[in-house]
Amino acid sequence: RALGILGCCLALALPAASRGSALRPRRQLRPGGPSADTTCKNRPLDLVFIVDSSRSVRPEEFEKVKIFLSEMIGTLDVGERTTRVAVMNYASTVKVEFPLRTYFDKASLKEAVSRIEPLSAGTMTGLAIQTAMDEVFTEEMGTRPATLNIPKVVIVVTDGRPQDQVQDVAASARTAGIEIYAVGVDRADMQSLRIMASEPLDEHVFYVETYGVIEKLTSKFRETFCAVNACALGIHECEQVCVRNGRSYLCDCYEGFTLNPDKRTCSAVDTCAPGRHECDQICVNNNGSYVCDCYEGYTLNPDKKTCSAMDMCAPGRHDCAQVCLSNDGSYSCGCYEGYTLNPDKKTCSAVDVCAPGRHDCEQVCVRDDLFYSCDCYQGYTLNPDKKTCSRAITSSLVTTEESCECEAIAALQDSVTSHLEALSTK
């Protein structure tokens, strides 16, 4: 990338932007420095300026920004086949002043810049970067095809704090291959500049105290675009991240990857190796990162790390016919009293309570569904304990004398009945 030294504004959208390299002290540019009036044969770029024209930027200050843009254009090798330039203007709204396909000569570009008018209130920096991705960095609007390997560069100039969420938008832009330089003026929020800019930050974040000296940045950008940059696209051999090292370079890797012994390529770190993850049960490697999972019968807790045993006996989770017994993430089936578990270990059958050994009746066991009662053979009677039996006591025989007395009584009763019936007929 012929862009690496730009210390000011935007960042080349590579996932490496998330790497936690140490922040270096911001640079303050003061009057003085090398002249930037000579065009350099810089590597072709698709370059987009995004300028803040919110209410905090006074009209005379905005004129200084336009001078800065014109001087920057003067240093570039502008042309349809070399560097193409677009300008966007933003406040609470965003305006594409002209896209990359419109002007291919410096005179026309400078004339178009001179006609730009400030907008109004608001500082919607995130919206401006999103609009650049959606409406400017497209082939229809003049961005060259990815196959040509033309670097896409954005330079943001602002004096305030973004009033929208710029972090995620800037990260998306960097991931899409856009190198972002952030130029802060006067009251600009430095943390916001660092959030949106590409790595290394000390080459992509610039600060000037007033708009009066913003033109002095021209020479810094000229040095960046014209200098021999070992990390320029197409020159280095790094698979993922190129880190400038004087006039040479070193290779590095994105977070979750480690540099291979060839010092050029990268391999995903085994994030599930012991000591590298925080998973309670199962670690699933996910190409340089990881996610946690749980054994069967467990569920992942909201912390996405630890696991809890599921209630396997909850309705719908088991297939036991009668009783479900939970067992730390699994379950087994049981039966109610009077039933026994079948060989399928799920269903139950009623127990034969009168089978030998299952009852305590001395003589006869009488089954009554799941219960039983005891009885005795003929000639025996059940004892009060309802279990054992005793031989029955037979009544004494009737004597002949008693039998005659019974017959006499019966004959008397018949005689009386006959007389009564005779009297009732008269």
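What counts and how
Residues numbered from 1 in each chain as written. Predicted model: local features only at pLDDT ≥ 70, side-chain atom pairs only at ≥ 80, totals over all residues. Heavy atoms only, no water. UniProt positions renumbered as here; feature names shortened; annotations may be inferred. Helix = DSSP H or I, 4+ residues; strand = E, 2+ residues; numbered from the N terminus. Buried < 20%, exposed > 50% of the residue type's maximum accessible area, 1.4 Å probe, protein only. Contact = heavy atoms within 4.5 Å. Areas by Shrake-Rupley, 256 points an atom, 1.4 Å probe, with all protein chains shown as cover. Disulfide = S-S within 2.5 Å. Core = buried A, V, L, I, M, F, W, Y, C linked by side-chain atoms within 4.5 Å. Expected span 1.5 Å × (residues − 1). Salt bridge = Lys/Arg side-chain N within 4 Å of Asp/Glu carboxyl O. Arc of directions from axis to C-beta. Axes fitted to C-alpha atoms, helices over the stretch in contact; angles between N-to-C directions. Parallel < 35°, antiparallel > 145°, perpendicular 65-115°, else oblique. Left-handed = near helix turned anticlockwise from the far one by under 90°. Nonpolar A, V, L, I, M, F, W, Y, C, P; charged D, E, K, R; others polar.

An unreviewed UniProt entry lists the protein chain under the name Matrilin-3, with Oxyruncus cristatus given as the organism. As its UniProt record puts it under Subcellular location (unreviewed entry), the protein chain is described as follows: "Secreted". Here is the UniProt Function (unreviewed entry) comment for the protein chain, exactly as written: "Major component of the extracellular matrix of cartilage and may play a role in the formation of extracellular filamentous networks."

**Q** Help me get a handle on the overall build of the protein chain, residues and values and all.
**A** Looking only at helices and strands, the protein chain has seven helices and 24 strands in total. By residue count, 43% of the 426 residues in the protein chain fall in the buried class. In the protein chain, 59% of the contacts between residues at least 6 apart in sequence involve partners at least 24 apart. Entry remark: accessible area of the protein chain is about 23,400 Å², with carbon and sulfur atoms responsible for 50%.

**Q** Outline the state of the cysteines, listing residues and values.
**A** Inspection of the entire model under this criterion finds eleven disulfides. A disulfide bridge connects C279 with C292, and the sulfur atoms are separated by 1.9 Å. Judged by the sign of its S-S torsion, about -85°, the cystine formed by C279 and C292 is left-handed. Linking C279 in the loop between β12 (266-268) and β13 (282-286) with C292 in strand β14 (residues 289-293), this pair joins segments that are 13 residues apart in sequence. When its relative accessible area of 11% is taken as the criterion, C292 is described as buried. C335 shares a disulfide with C348; S-S distance 1.9 Å. Handedness here is read from the sign of the S-S torsion; for C335 and C348, about -90°, the answer is left-handed. Remark: C348 occurs in strand β20 (residues 348-350) and C335 occurs in the loop between β18 (330-334) and β19 (339-341); sequence separation between them is 13 residues. Given the relative accessible area of 22%, C335 is considered partly exposed. Its relative accessible area of 16% is what places C348 among the buried residues.

**Q** Residue-level account of the nonpolar core, with values.
**A** Nonpolar side chains in soluble globular proteins generally cluster together in the buried interior. Counting 34 residues, the largest nonpolar core has F49, F68, I155, V157, I214, L217 and F221 as the members making the most contacts within it. Going through the elements one at a time, β3 (46-52), α1 (59-75), β4 (84-90), α2 (106-114), β6 (152-158), β7 (178-185), β8 (205-208) and α6 (217-226) are the ones with two or more residues in this core. In terms of residue count, α1 provides more of this core than any other element does, six residues in total. Counting residues in hydrophobic clusters, the runner-up holds 29 residues, among them M88, A170, A182 and M196.

**Q** Talk me through α1; I want residue IDs and the actual numbers.
**A** Since there are 3.6 residues in each turn of an α-helix, residues three or four apart along the chain are aligned in direction. An ideal rise of 1.5 Å per residue puts 24 Å on 17 residues; α1 measures up with 25 Å between its terminal C-alpha atoms. Taken together, the buried positions of α1 are occupied by E61, F62, V65, K66, F68, L69, S70, M72, I73, G74 and T75.

**Q** Can you explain the pattern of salt bridges? Please cite residues and give values.
**A** Counted according to the given criterion, the structure contains 14 salt bridges. Its salt-bridge partner being E60, residue R58 comes within 3.5 Å of it at the nearest N-O pair. The partner of R187 in a salt bridge is D186, and the shortest N-O contact between them spans 2.5 Å. A residue is classified by how much of its surface remains accessible, and R187, at 44% relative accessible area, is partly exposed. Classification of D186 as partly exposed rests on a relative accessible area of 30%. Through salt bridges with shared partners, one network takes in R58, E60 and E61.

**Q** With reference to specific residues and values, describe helix α4 (residues 166-175).
**A** All buried positions along α4 are accounted for by V166, V169, A170, A173 and R174. Each buried residue of α4 lies within a common arc of 135° when the element is viewed along its axis, so the set occupies one face. Along α4, the residues that are exposed and aim more than 90 degrees away from the buried face are D168 and T175.

**Q** I'd like a description of the packing of helix α3 (residues 125-136) against α4, backed by residues and values.
**A** α4 packs onto α3 with a crossing angle of 25° between their chain directions and a minimal axis gap of 8 Å. When the axes of α3 and α4 are compared, the pair comes out roughly parallel. Crossing geometry of α3 relative to α4 is assigned as left-handed. Counted together, T125, G126, I129, Q130 and M133 of α3 and V166, V169, S172 and A173 of α4 form the full contact between these two elements. Here the contact of α3 with α4 is composed, by residue class, of five nonpolar, four polar and no charged.

**Q** Go over the side chain of S192 with me, naming the residues and quoting the values.
**A** Within the secondary structure, S192 is located in helix α5 (residues 190-196). With residues up to four places along the chain from it excluded, the contact list for S192 reads R161 and P162.

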